[in-house]
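# Topology and contacts: notes
Here's the letter readout for the chains.
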Amino acid sequence: MFDAHFLGSVIVALALLIVIHQLVRLAMVALLHRTLRRALDAGAPLTTEQLDRALGRAPAAERAAVDRRNGWVLIAIGLACAGCVALQTGEAAMRAAAGAALFPLLTGLALVLMARRSARAP
């Protein structure tokens, strides 16, 4: 369908884009590290909220809320898959549907429990 030279060019171009992207990320992290190191050496107080903001992270409460929401969505998907088990007639189909239901159900439960635990932690 595609010529081998064309596919080779596309692969090389994609590899170059990935390498350039990673180098730019590395340069940004190095500049941020240098800035934070200079601020700490100058004696500027640095709180975890400021550090999270500098690194582009969401606050812990916001991350917990997102984890909780994602957990409940996964639990709903797992329960829907479990409901699909009731509609199956064959033993093999029931096992496959139950196996498919376990992954989102357990992952969702883990996310909800971890979000609840992080909300309680001071």
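To start, this report covers the structure provided alongside it. What you are looking at is a predicted structure, and each value in this text was computed from that prediction instead of being measured.

Definitions and limits used
Residues numbered from 1 in each chain as written. Predicted model: local features only at pLDDT ≥ 70, side-chain atom pairs only at ≥ 80, totals over all residues. Heavy atoms only, no water. Helix = DSSP H or I, 4+ residues; strand = E, 2+ residues; numbered from the N terminus. Rg over C-alpha atoms; globule rule 2.2 N^0.38 Å. Buried < 20%, exposed > 50% of the residue type's maximum accessible area, 1.4 Å probe, protein only. Lys, Arg positive; Asp, Glu negative; His and termini not counted. Charge placed at Lys NZ, Arg CZ, Asp CG, Glu CD. Salt bridge = Lys/Arg side-chain N within 4 Å of Asp/Glu carboxyl O. Patch = residues over 30% accessible without salt bridge, like charges linked within 9 Å, V, L, I, M, F, W, Y side chains within 5 Å. Areas by Shrake-Rupley, 256 points an atom, 1.4 Å probe, with all protein chains shown as cover. Expected span 1.5 Å × (residues − 1).

## Brief notes about the overall build of the protein
On a plain count of helices and strands, the protein comes out with four helices and zero strands. Listing each helix as α and each strand as β along the protein from the N terminus yields α-α-α-α. For the protein, the C-alpha radius of gyration of 24 Å lies well beyond 14 Å, the compact-globule estimate for 122 residues. With respect to the three principal axes, the spread of C-alpha positions in the protein is 70 × 60 × 15 Å. Evaluated residue by residue, the protein yields a buried proportion of 12% over its 122 residues. Of the side chains in the protein, 13 bear a positive and 7 a negative charge, and the two mean positions are spaced by 6 Å.

## Observations regarding the environment of V85
Relative to the helices and strands, V85 resides in helix α3 (residues 60–87). Between the C-alpha atoms of V85 and A60, which are 25 residues apart in sequence, the distance is 37 Å.

## Some remarks on the pattern of salt bridges
Per the counting criterion, the structure on display carries one salt bridge. With a shortest N-O distance of 3.6 Å, E91 and R95 are connected by a salt bridge. Of this pair, E91 and R95 both sit in helix α4 (residues 91–120), four residues apart, roughly one helical turn.

## Focus: a nonpolar patch on the surface
On the surface, F2, F6, L7, V10, L14 and L17 cluster together into a nonpolar patch covering about 560 Å² of accessible area. Along the chain, L17 turns up in helix α1 (residues 4–41). By relative accessible area, L17 is classed as exposed at 54%.

## Digging into α3
Between its terminal C-alpha atoms α3 stretches 41 Å, which fits the 40 Å expected from 28 residues at 1.5 Å a residue. The set of residues buried in α3 consists of A64, G71, I75, G78 and V85.

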